[in-house]
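So you can see what is in the structure, the chains are spelled out below.
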Amino acid sequence: MKKDFISIADKTPQETLSLLGLAARLKRDLYAKQSRNLLFGKTLAMVFQKPSLRTRVSFEMAMKQEGGDALYIAPDEIKLGQRESVPDVARVLARYVDGIMARVFSHRDILGLAEWASVPVVNGLSDFDHPCQGMADLLTIQEKLGGLKGVKLAYVGDGNNVLHSLLMGGANTGMRIWAATPTGYGPLSEVVEWARLRAAETGAEIHLVVDPYEAATDADIIYTDTWTSMGQETEAAIRRQVFPPYQVNAALVSIAKKQVGVMHCLPAHRGEEITDEVADGAHSWIFDQAENRLHAQKAVLVDLLGV
Ligand code: CP
Ligand code: NVA
């Protein structure tokens, strides 16, 4: 059966760790200028319904650095699900390329592409989760702290796709995740239930709270993301009223561990979910984290398409 990369929850703890090991190896190879052309002759279609900097460029570079090629398909070009149905797009693309990466509004469309395409499909962000970001985040934490087990990550802000992937990844790797979200903006209960079940096997902990200061106390990492995700623009004004207590600023950072790392998947809305002082300060890991999208995704691609 062909493999896809849709959610970190589809991976076992062991598979998650071995993908991270592969990512670390590929990163070392790149730094040593020893690319092994592990994607030689392979092609990836990159279908976007939403804008992107990191996902678009890091996937394209990952393919090229390993001897493959990638084709960017902009939101207006194929109009996935509008000009043409998801099953038809999936079946046509699969006749031309070896893999499909897609960034979609509705998670149903990623599942539809995976169901109908005969080639591997990678989730480049949906309204449900952002697994490539999650893998890059785990890689970053592993590099910075030397491991994942027992690490306390405080996620502060909206209970969105990025939090869902952190819950899945944290549960698979034995992390202690504290999510502080305003009432009514928490993560989906199905994701929390899955993460708690998995946590019982791996020793992870999943805590949901409302108070950002409770989450951030003694945290190894403070993580935040935009208050308004792509597709929620009509809610932006109300969200700007609800979320200010969840800003990651110097006061919040000061109650975490002394060496706390601050993470953000980017793009950042400086002055909203994070201050300049923190984003550009000594605790910030955000650009190392952005770089690791490249290495983590390369591992996913080598796992799915590798020669
Ligand atoms: N973090 C992330 O996915 O960034 P882009 O939206 O720029 O791809
Ligand atoms: N939660 C954000 C992540 C952007 C990379 C969004 O979905 O817009």
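In this text, all values refer to a predicted model and were calculated from it rather than measured experimentally.

Summed over all chains, the structure comprises 18 salt bridges. A salt bridge links Lys2 to Asp4; the shortest N-O distance between them is 2.8 Å. Relative accessible area serves as the criterion here: at 27%, Lys2 is assigned to the partly exposed category. Put simply, Glu60 and Arg56 hold a salt bridge, and the shortest N to O gap is 3.1 Å.

Near ligand 1 the following residues occur: Ser52, Leu53, Arg54, Thr55, Arg103, His130, Gln133, Cys265, Leu266 and Arg293. Taking Ser52, its side chain carries an N or O atom lying 2.6 Å from an oxygen atom of ligand 1. Summarising the interface, the protein chains cover 95% of the accessible area of ligand 1, which totals 250 Å² for the free molecule. Tallied by class, the residues present in the shell around ligand 1 amount to 3 nonpolar, 4 polar and 3 charged.

Following both chains from N to C, one finds helix α7 (residues 161-173) and helix α8 (residues 189-202) inclined at 15 degrees, their axes separated by 8 Å at the closest point. The pairing of α7 with α8 is recorded here as roughly parallel in orientation. Crossing handedness for the pair α7 and α8: left-handed. Contacts between α7 and α8 involve His164, Leu167, Met168, Ala171 and Asn172 from the former and Val191, Val192, Trp194, Ala195, Arg198, Ala199 and Thr202 from the latter. Considering only residue class, the contact of α7 with α8 consists of 8 nonpolar, 3 polar and 1 charged.

Across the 5 residues that make up strand β3 (residues 99-103), a large majority, 5, are buried. Where strand β1 (residues 43-48) meets β3, 5 bridges bridge the pair, whose relative direction is parallel. In the sheet register, Met46 faces β3, and the bridge partner there is Met101. The pairing of β3 with strand β4 (residues 121-123) spans 3 bridges and is classified as parallel.

Criteria and cut-off values
Residues numbered from 1 in each chain as written. Chains lettered and ligands numbered in written order. Predicted model: local features only at pLDDT ≥ 70, side-chain atom pairs only at ≥ 80, totals over all residues. Heavy atoms only, no water. Salt bridge = Lys/Arg side-chain N within 4 Å of Asp/Glu carboxyl O. Buried < 20%, exposed > 50% of the residue type's maximum accessible area, 1.4 Å probe, protein only. Near = heavy atom within 4 Å. Polar contact = N/O pair within 3.5 Å; in protein donor to acceptor, adjacent residues only side chain to side chain. Areas by Shrake-Rupley, 256 points an atom, 1.4 Å probe, with all protein chains shown as cover. Nonpolar A, V, L, I, M, F, W, Y, C, P; charged D, E, K, R; others polar. Axes fitted to C-alpha atoms, helices over the stretch in contact; angles between N-to-C directions. Helix = DSSP H or I, 4+ residues; strand = E, 2+ residues; numbered from the N terminus. Parallel < 35°, antiparallel > 145°, perpendicular 65-115°, else oblique. Left-handed = near helix turned anticlockwise from the far one by under 90°. Contact = heavy atoms within 4.5 Å. Pairing = 2+ DSSP bridges.

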